[in-house]
Amino acid sequence: MTANPLETEFTKTFGIKYPIVSAPMFLVSDVGMVCATGEAGGLGAFPALNFRPIEKYRKAIQDIKAKTDAPFGINIIVQKSNKYQHQQLEIALEEKVPLLITSLGSPRGVIEKAHQVGTKVYCDVVGLEHAKKVADLGADGLVAVSSGAGGHAGDTSQFALIPHLKRNLDLPILAAGSIVDGTGMLAALALGASGIYMGTRFIASKESPSDLAYKEAIVNALPEDIVNTDRVDGFPGNFILTESLKKLGVKPGVFESVISQSKKAKRYLSMFRAGRALLGSPEGKASYKTIFSAGHGVGLIDEILSIDEIIQLTMNQYYEKRNGLPG
Ligand SMILES: Cc1cc2nc3c(=O)[nH]c(=O)nc-3n(C[C@H](O)[C@H](O)[C@H](O)COP(=O)(O)O)c2cc1C
């Protein structure tokens, strides 16, 4: 049976059925995933950097619009390292993309321009300080990235982060980190979130373009298999401890320990690694292709399902768990 719709501040803003976002994921989220999420009643998002050169990016947006009327979102990294950010913004606004999600830097320019054409802007935050800044700049909502998230996670537990943000700021929040089912969704909404931002769960979907090895690694992994390391791209992120990652090592080597003593040298090393991960190594294989990022929720993912099945299962579990709460 199709799950009943669930209305929150987030679903009302975008006119969608369920408060579920398939989170933007580097080298994973593609047109198919975004459309499948929208058609299933959620909201699909992708990182602008997944489509290069820029013509492919505009084409991806147009393809999505041709395939579905559902709203969708684009993640733009608003940091100097992303030299395409201005073009990515201009094209998104020309194409009237409903939602932009900023990460890493200041969203000032994005918010000002987006609001002129009615595009909403949500901003990734890992703590109150940055959240206050983006709220002052006029952000429409926050993505609270907690410690258990896939990709570059924050340091704070969801249980502390969401109520903390909620108590200090009056903005809708999407909860990101370790949420893979209806139980996690119920908890996130109880904490004050208006929706969930799931990444890892959707990698192990039928529509995801990720290799079967990546999907199976997620299905087989336990939370204890997730390690937080900055060895992959220079920023602390959560990864499955696979043989490839063991080879790379999760602890800093002697060279890095020495380099890390100097802030400047450490920054250069991080930038080098981030560039390698984003643009691919000389052999043309990006790190994220052979080393698998995933959140702590892996232990609850038992099979590869379609995006529609994942959303229906999540919603049905949500209602079932909500009705089963004590007292
Ligand atoms: C493989 C992978 C790539 C990611 N790439 C991005 C990205 O390019 N931009 C971004 O803002 N977040 C990125 N994230 C973070 C997700 O958008 C989201 O915050 C996270 O997956 C939520 O945690 P979960 O994986 O535990 O559900 C990535 C996450 C993963 C697992």
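Residues numbered from 1 in each chain as written. Predicted model: local features only at pLDDT ≥ 70, side-chain atom pairs only at ≥ 80, totals over all residues. Heavy atoms only, no water.

Enquirer: I'd like a description of the sheet that holds strand β3 (residues 72–77), backed by residues and values.
Expert: One closed barrel accounts for 8 strands, arranged β1-β2-β3-β4-β5-β6-β7-β8; its pairing is parallel. Averaged over neighbouring strand pairs, the angle between their axes works out to 25° when direction is ignored. Packing of helix α4 (residues 85–94) onto the sheet brings it into contact with β3 and β4 (99–103), and relative to β3 it is tilted by some 160°. (Pairing = 2+ DSSP bridges. Helix = DSSP H or I, 4+ residues; strand = E, 2+ residues; numbered from the N terminus. Axes fitted to C-alpha atoms, helices over the stretch in contact; angles between N-to-C directions. Contact = heavy atoms within 4.5 Å.)

Enquirer: Account for the packing of aromatic side chains, naming residues and giving values.
Expert: Tallied over the full model, the rule gives 7 aromatic pairs. Centre to centre, the rings of F46 and F51 are 5.2 Å apart; their planes meet at 90°, and the pair counts as edge-to-face. Geometrically, the ring pair formed by Y214 and F292 is stacked, given 4.5 Å between the ring centres and 10° between the ring planes. Within this pair, whereas Y214 is found in helix α10 (residues 212–220), its partner F292 is found in the loop between α14 (287–290) and α15 (307–323), the two being separated by 78 residues in sequence. For the pair formed by Y214 and F292, the shared burial category is buried. Taken together, F10, F14 and Y122 form an aromatic cluster joined through their ring pairs. (Phe/Tyr/Trp six-rings, centres within 6.5 Å; stacked < 30°, edge-to-face > 60°. Buried < 20%, exposed > 50% of the residue type's maximum accessible area, 1.4 Å probe, protein only.)

Enquirer: Could you give an account of the site of the ligand, naming the residues involved and the relevant values?
Expert: Close contacts around the ligand come from 24 residues, with P24, F26, N75, S178 and T200 the closest. N75 has a polar side-chain atom sitting 2.8 Å from a nitrogen atom of the ligand. Contacts to the ligand include S178, whose backbone N or O atom sits 2.8 Å from an oxygen atom. Within the complex, 93% of the 600 Å² of free accessible area of the ligand lies under protein. Breaking the shell around the ligand down by element, the ones donating at least two residues are β8 (195–198) and α9 (200–203). A class-by-class count of the residues in the shell around the ligand yields 12 nonpolar, 11 polar and 1 charged. (Near = heavy atom within 4 Å. Polar contact = N/O pair within 3.5 Å; in protein donor to acceptor, adjacent residues only side chain to side chain. Areas by Shrake-Rupley, 256 points an atom, 1.4 Å probe, with all protein chains shown as cover. Nonpolar A, V, L, I, M, F, W, Y, C, P; charged D, E, K, R; others polar.)

Enquirer: An account of the nonpolar core is requested, with residue identities and associated values reported.
Expert: The biggest cluster of nonpolar side chains holds 79 residues, and the ones touching the most others in it are Y57, I74 and L100. The element that contributes the greatest number of residues to this core is α15, accounting for 6 residues. When residues are assigned to domains, this core turns out to be shared by domain 1 (9–210 + 301–323) and domain 2 (220–290), each giving three or more. By size, the runner-up hydrophobic cluster in this structure holds 17 residues, among which are L43, I101, A176 and Y197. (Core = buried A, V, L, I, M, F, W, Y, C linked by side-chain atoms within 4.5 Å. Domains from an automatic or database assignment.)

Enquirer: For the side chain of T37, give the residues involved together with the corresponding values.
Expert: Mapped onto the fold, T37 is located in helix α2 (residues 31–39). Engagement of the side chain of T37 in a polar contact is seen with the backbone oxygen of M33, the distance being 2.7 Å. Once residues within four sequence positions are removed from consideration, T37 is found in contact with I20, S22, G42, L43, G44, I307 and I311.

Enquirer: Before we move on, can you summarise unusual backbone geometry with the specific residues and values?
Expert: Cis geometry is adopted by the peptide bond preceding P53, which originates at R52 and carries an omega value of 0°. Here the phi dihedral of K96 falls at roughly 55°; this positive angle occurs in a residue that is not glycine. Considering the arrangement of structural elements, one finds K96 in the loop between α4 and β4. On the basis of relative accessible area, K96 is assigned to the exposed category, the value being 55%. The phi torsion at L104 lies on the positive side, around 80°, for a residue other than glycine. Here L104 lies in the loop between β4 and α5 (108–116). Accessibility expressed as a relative area gives 56% for L104, which makes it exposed.

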